[in-house]
Amino acid sequence: MLAALRKRLPSRNTALFWGSVFSVVGFYKYNSNESKKRLAFYCKQAEAVANEPMGALDTPRKVQVYIAAPMGELGTRKARLHWEKYILPVFVAGALDYELTLVNDTETINDVEKVVRGGVHSRVAEEIKEQRRKALELEEGNEELKLWRQAIVERKKDNEAREIMNRIGRAPGEANVSSWKPEPYPGVMDVVAVGRETWVEVINGLSEGATESLNYSVPPLVPLDSEARAQQEENRAISTSDAAVIDTAGTVAPSAPAEVVAPQVVDYDRFDSKRRVGLPAAAYIAHYNLTGWGSLPLRIWHFFHDQENVDLYARQALQVVFESTRRPARDAQEVIDMGRDEETQPVWEGQSLDVVVDPAVAASLDIYDTQA
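Residues numbered from 1 in each chain as written. Predicted model: local features only at pLDDT ≥ 70, side-chain atom pairs only at ≥ 80, totals over all residues. Heavy atoms only, no water.

Caption draft 1: Geometry of unusual backbone geometry. The backbone phi angle of Asn 110 is positive, close to 55 degrees, even though this residue is not glycine. By the secondary structure assignment, Asn 110 is in the loop between strand E3 (106-109) and strand E4 (112-115). What makes Asn 110 exposed here is its relative accessible area of 70%. One non-glycine residue with positive phi stands out, namely Asp 111, at about 65 degrees. (Helix = DSSP H or I, 4+ residues; strand = E, 2+ residues; numbered from the N terminus. Buried < 20%, exposed > 50% of the residue type's maximum accessible area, 1.4 Å probe, protein only.)

Caption draft 2: Geometry of the environment of Leu 214. In this structure, Leu 214 sits in the loop between helix H7 (196-211) and strand E6 (216-217). We classify Leu 214 as buried; its relative accessible area is 0%. Spatially, the C-alpha atoms of Leu 214 and Arg 132 are 7.7 Å apart, while their sequence positions differ by 82 residues. Filtering out sequence-adjacent residues up to four positions away, Leu 214 remains in contact with Lys 129, Arg 132, Arg 133, Leu 136, Tyr 268, Asp 269 and Asp 272. (Contact = heavy atoms within 4.5 Å.)

Caption draft 3: Broad picture of the packing of aromatic side chains. Evaluated as defined, the whole model comprises 8 aromatic pairs. Ring geometry for Phe 41 and Tyr 42: centres 5.3 Å apart, planes at 70 degrees, overall edge-to-face. Using a relative accessible area of 47% as the deciding quantity, one classes Phe 41 as partly exposed. The structure contains a cluster of three or more aromatic residues connected by ring pairs, namely Tyr 28, Phe 303 and Phe 304. Positioned above the aromatic ring of Tyr 268, the side-chain terminus of Arg 133 is 5.8 Å from the ring centre. (Phe/Tyr/Trp six-rings, centres within 6.5 Å; stacked < 30°, edge-to-face > 60°. Lys NZ or Arg CZ within 6 Å of the ring centre and 35° of its normal.)

Caption draft 4: Local environment of the pairing of E4. Of the strand pairs in this sheet, E3 and E4 are connected by 4 bridges, and their pairing is antiparallel. Paired with Thr 108 across the bridge in E4 is Glu 113. Connecting E3 to the antiparallel partner E4 that follows it, the hairpin turn spans 2 residues, and Asn 110 within it adopts a positive phi of roughly 55 degrees. (Pairing = 2+ DSSP bridges.)

Caption draft 5: View of the pattern of salt bridges. A full pass over the atoms with the stated rule returns 22 salt bridges. A salt bridge links Glu 323 to Arg 61, with the nearest nitrogen and oxygen atoms 3.8 Å apart. Highlighted residues: Glu 323 in the loop between helix H10 (306-321) and strand E11 (326-328) and Arg 61 in the loop between helix H2 (12-50) and strand E1 (62-68), separated in sequence by 262 residues. The salt bridge involving Glu 130 is made with Arg 133; its shortest N-O contact spans 2.9 Å. Of this pair, Glu 130 and Arg 133 both sit in helix H4 (residues 119-137), separated by 3 residues, roughly a single helical turn. Put simply, Glu 126, Glu 130, Arg 133, Glu 137 and Arg 149 are held in one network by salt bridges that share partners. (Salt bridge = Lys/Arg side-chain N within 4 Å of Asp/Glu carboxyl O.)

Caption draft 6: Highlighting H10. With 16 residues, H10 ought to run about 22 Å at 1.5 Å a step, and its terminal C-alpha atoms sit 22 Å apart, in line with that. For H10, the tally of buried residues reaches 12 of 16 residues, placing the bulk of the element in the interior. Taken together, the buried positions of H10 are Asp 306, Gln 307, Asn 309, Val 310, Tyr 313, Ala 314, Gln 316, Ala 317, Leu 318, Gln 319, Val 320 and Val 321. Close packing links the buried residues of H10 with H2, helix H3 (77-93), strand E5 (190-194), strand E10 (282-285), helix H9 (296-304) and strand E12 (366-368). (Expected span 1.5 Å × (residues − 1).)

Caption draft 7: Structural detail: helix H5 (residues 143-168). With 26 residues, H5 extends 38 Å from end C-alpha to end C-alpha; this agrees with the ideal 38 Å at 1.5 Å per step. What H5 keeps buried is the set Leu 145, Arg 149, Ile 152, Asn 159, Glu 160, Arg 162 and Ile 164.

Caption draft 8: Structural detail: the side chain of Asn 309. Inspection of the secondary structure puts Asn 309 in helix H10. Of the polar contacts made by the side chain of Asn 309, one reaches the side chain of His 302; its length is 3.4 Å. Apart from the residues lying within four places of it in its own chain, the contact partners of Asn 309 are Tyr 86, His 302 and Ala 314. (Polar contact = N/O pair within 3.5 Å; in protein donor to acceptor, adjacent residues only side chain to side chain.)

Caption draft 9: Quick peek at the pairing of E5. For E5, a buried count of 5 out of 5 residues is recorded, marking the element as mostly surrounded by other parts of the structure. Burial along E5 is two-sided: Asp 190, Val 192 and Val 194 facing one way and Val 191 and Ala 193 facing the other are all buried. With 4 bridges joining them, E5 and E10 adopt parallel strand pairing. Along E10, the bridge assignment pairs Val 194 with Ile 285.

Caption draft 10: Just the packing of H9 against H10, in detail. Following both chains from N to C, one finds H9 and H10 inclined at 85 degrees, their axes separated by 5 Å at the closest point. Taken together, the axes of H9 and H10 are roughly perpendicular relative to one another. For the pair H9 and H10, contact is made by Trp 301, His 302 and Phe 304 and by Asp 306, Gln 307, Glu 308 and Asn 309, respectively. In terms of residue class, the contact of H9 with H10 is made up of 2 nonpolar, 3 polar and 2 charged. (Axes fitted to C-alpha atoms, helices over the stretch in contact; angles between N-to-C directions. Parallel < 35°, antiparallel > 145°, perpendicular 65-115°, else oblique. Nonpolar A, V, L, I, M, F, W, Y, C, P; charged D, E, K, R; others polar.)

Caption draft 11: A look at the confidence of the model for the protein. Confidence in the prediction of the protein, expressed as mean pLDDT, is 82, and 83% of residues score 70 or more. This model gives residues 243-260 a pLDDT under 50, and the stretch forms 9 contacts once residues within four places in sequence are excluded. (pLDDT = per-residue confidence, 0-100.)

Right, here's the structure in full:
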């Protein structure tokens, strides 16, 4: 009987194989369940903020989240997945409204596509400058700036209608131009940077926006396709009739070059008293981008120990939800060193990003203590 039972049992190699498979799968499922439990723990902590009562006239908090392409990547896909997996659930649980901006600018040189840095920098700087301009327009005696603001708003509105007309071939209705626009947030949105790359650009943008010139170039009127076609027909008719002018000596005189219209510049600096507006608080949430063969062992480790990532990233997101963690930056060096640990990853080898922040800006900047 024992001999017959022994024949039914699998061989040693088969038993080792299936035992290993079930062990790996079981360990992965255990890690997955533990990760979900820890994420649920941080979401539960965030719900305490969501359940706090609000006044009828209070404005819910809202943050501006910036995500740039991580070092070693050509797009924001991995950073967006990182945001959706570890950060977004905590924000949702804490009823923290957000506006997400993905910045992915690339260029191709000699058939090699490369990431162009600076997109977040320019956006943040322009946002701060716009806040300073609007503060100047509200000051007494600056009626000229108010008139310029009305002209700029009308020009942008006309350009939007012309762009839509170029796309659909007819003039859009008023509802079509304005219906897709969200209502502007009445307060100042704090800034959340995901990853060291984004943090550097956010700080550089805040510094530039708070210190550089406020002069604004009025956008030119977008030409309509119908006007462009009419102009081409007119130019073609002129070129066939009298392409060149013959002078009295019988030589051909070249036609006059087209007149270049200089853009109109609104001189805000003339009204600027260098009084600083309140800067938004900045929060850094890490993103250790593990890519390449050098990071393979660590990627395998995190595949089976993802709860460590949940503890790191979800905890930092929770610090943003808890507004009580907001505090003034100690000095410029603290702002510069924020997230520098990411540069120890293999993907950063031979590359670096420099934080350029004005000391006065760093002294007035509030940050969220996500590194505690």
